[in-house]
Amino acid sequence: TRTPVNVTVTGAAGQIGYALLFRIASGHLLGADVPVKLRLLEIPQGLKAAEGTAMELEDCAFPLLQGIDISDDPNVAFDGANVALLVGARPRTKGMERGDLLEANGGIFKPQGKAINDHAADDIKVLVVGNPANTNALIAQAAAPDVPRERFTAMTRLDHNRAISQLAAKTGAPVSEIKKLTIWGNHSATQYPDIFHATVAGKNAAEIVNDEKWLAENFIPTVAKRGAAIIEARGASSAASAANAAIDHVHTWVNGTADGDWTSMGIPSDGSYGVPEGLISSFPVTTKDGRYEIVQGLEVNDFSRERINASVKELEEEREAVRALGLL
Ligand code: NDP
């Protein structure tokens, strides 16, 4: 029998945690033949609710679930972690400045990065979901100097999936026919969903759509503002689709992209496409055997360049702000 994979989830008692844990335990994160142990991290006020979720997980009698540990100590929760999903974060409250938000998240992601550094397994893979995800990933990475930098990633897969869905609706194609879509930049309102290299049933998506006005005024803002539209409609944020995207992100990272397709991940830049080295920015990537590679050689037109630069500029400003706070 296989050794179970330790999966640590922070903010386990939150909305996303509730939608995420059952799918991890049922085999959707790593595969239907991979046993898992869950390690849940919560703040002290969240522990009781996390225990309730653990009771429900037990009641599902998932054959792959080999144990659940709950802690409010990152040193315990990240002990032996092979995969870490950093979901819990400090939400932006009314009147909160970006500096305050980054500082509050520094207080969460710095000690978590240190705990990952000191206690996680050698093959640790980290996905940051909690916002501002790209910069929180940078903070955790900086606190984990012994972990290879490329193991820290930020989630833009929900944006990627939203963009696929919008493009499918526009073209009338099923989502399975949409390939090579790219999210560039920050997981924020400045993100740039790029269809210029995407294909719809094997044909170039931008040529099929042939409508730059729709791209600029409809598609891009619809994808970027989808989270707010869901809050407006549901009265609560997009927890199930965010959890689904986290599952997709890790599953693709571990199990690989299909031939002729790629995905989008927030990853440390190596300077490709003019994105300053070290920024955690979204790129088109292919994955294989647990590793990812940026898709090289794509032509970036003026329409795309302007938007990538704007999002990257925002990431640079966030990096400057956390550097000024002494978090890097
Ligand atoms: P959610 O589970 O709904 O969201 C958690 C984080 O995910 C937020 O930062 C949220 O950002 C982010 N996020 C990213 N993408 C999305 C998306 N598409 N839709 C919604 N959220 C998204 O938050 P809850 O408040 O329900 O739960 C948070 C839990 O985390 C609480 O139980 C809290 O106790 C815990 N927590 C744990 C910590 C720890 O383990 N050390 C530290 C801090 C909190 P945004 O704010 O932008 O919506």
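Keep in mind it's a predicted model, so treat the numbers as computed, not measured. (Residues numbered from 1 in each chain as written. Predicted model: local features only at pLDDT ≥ 70, side-chain atom pairs only at ≥ 80, totals over all residues. Heavy atoms only, no water.)

Caption draft 1: Seen up close, the UniProt feature "active site" (unreviewed entry) in the protein. Residues annotated in UniProt with the feature "active site" (unreviewed entry) correspond here to His-187. Checked against the element boundaries, His-187 lands in the loop between strand 8 (182–184) and strand 9 (192–194). (UniProt positions renumbered as here; feature names shortened; annotations may be inferred. Helix = DSSP H or I, 4+ residues; strand = E, 2+ residues; numbered from the N terminus.)

Caption draft 2: Highlighting the side chain of Glu-314. Residue position: Glu-314 is located in helix 11 (residues 302–324). Judged by its relative accessible area of 17%, Glu-314 is buried. Apart from residues no more than four positions distant in its own chain, Glu-314 is found in contact with Arg-98, Asn-186, Ser-188 and Thr-190. (Buried < 20%, exposed > 50% of the residue type's maximum accessible area, 1.4 Å probe, protein only. Contact = heavy atoms within 4.5 Å.)

Caption draft 3: Examining the nonpolar core more closely. Judged by nonpolar contacts, the single largest core of 39 residues is most densely connected at Leu-167, Leu-181, Ile-195, Phe-219 and Phe-283. Listed by contribution, the elements that provide at least two residues to this core are helix 6 (157–171), strand 8, helix 7 (205–209), helix 8 (212–224), strand 12 (263–268), strand 13 (280–288), strand 14 (291–294) and helix 11. For this core, the element with the most residues is helix 8, which contributes 5 residues. If we ignore the near neighbours within four places in the chain, the residues touching Leu-167 are Ile-178, Leu-181, Ile-195, Ala-198, Val-200, Ala-205, Val-209 and Phe-219. Within the second largest apolar cluster, 31 residues are counted, among which are Ile-24, Leu-29, Leu-30 and Leu-127. (Core = buried A, V, L, I, M, F, W, Y, C linked by side-chain atoms within 4.5 Å.)

Caption draft 4: Structural detail: the sheet that holds strand 10 (residues 199–200). The antiparallel open sheet is built from 3 strands, whose spatial order is 7-10-11. Across the chains shown, the open sheet's two edge strands, defined by having one partner strand only, are strand 7 (178–179) and strand 11 (203–204). The pairing of strand 7 with strand 10 spans 2 bridges and is classified as antiparallel. Paired with Ile-178 across the strands is Val-200, a residue of strand 10. (Pairing = 2+ DSSP bridges.)

Caption draft 5: Broad picture of the environment of Thr-222. With respect to the secondary-structure elements, Thr-222 resides in helix 8. On the basis of relative accessible area, Thr-222 is assigned to the partly exposed category, the value being 26%. The sequence separation of Thr-222 and Glu-232 amounts to 10 residues, and the corresponding C-alpha distance is 14 Å. A distance of 2.6 Å separates the side chain of Thr-222 from the backbone oxygen of Asn-218, its partner in a polar contact. (Polar contact = N/O pair within 3.5 Å; in protein donor to acceptor, adjacent residues only side chain to side chain.)

Caption draft 6: Fine view of unusual backbone geometry. Cis geometry marks the peptide bond from Asn-131 to Pro-132; its omega dihedral reads -5°. If you trace the backbone, Pro-132 turns up in the loop between strand 5 (125–128) and helix 5 (133–142). Phi at Lys-180 is positive, roughly 55°, even though this residue is not glycine. As for its placement among the helices and strands, Lys-180 is situated in the loop between strand 7 and strand 8. Of the residues examined, Lys-180 reaches a relative accessible area of 27% and is grouped as partly exposed. The residue Tyr-273 is not glycine, and still its phi comes out positive at about 55°.

Caption draft 7: Region of interest: the pairing of strand 13. Burial analysis of strand 13 places 7 of its 9 residues in the buried class, the great majority of the element. Where strand 13 lies against strand 14, 4 bridges are found, and the strand directions are antiparallel. In the sheet register, Lys-288 faces strand 14, and the bridge partner there is Arg-291. Counting the residues that bridge the hairpin from strand 13 to strand 14 gives 2 residues, and of these Asp-289 lies at a positive phi of roughly 50°.

Caption draft 8: Highlighting the pattern of salt bridges. This model, assessed by the stated rule, comprises 8 salt bridges. In this structure, Asp-118 engages Lys-114 in a salt bridge whose closest nitrogen and oxygen atoms are separated by 2.6 Å. In this pair, Asp-118 and Lys-114 both sit in helix 4 (residues 98–119), 4 residues apart, roughly one turn of the helix. Overall, Asp-118 belongs to the partly exposed group, its relative accessible area being 39%. Where Glu-317 meets Lys-313, a salt bridge forms, and the shortest distance between an N and an O atom there is 3.2 Å. One end of the pair, Glu-317, and the other, Lys-313, are both in helix 11, 4 residues apart, so they sit about a helical turn from each other. (Salt bridge = Lys/Arg side-chain N within 4 Å of Asp/Glu carboxyl O.)

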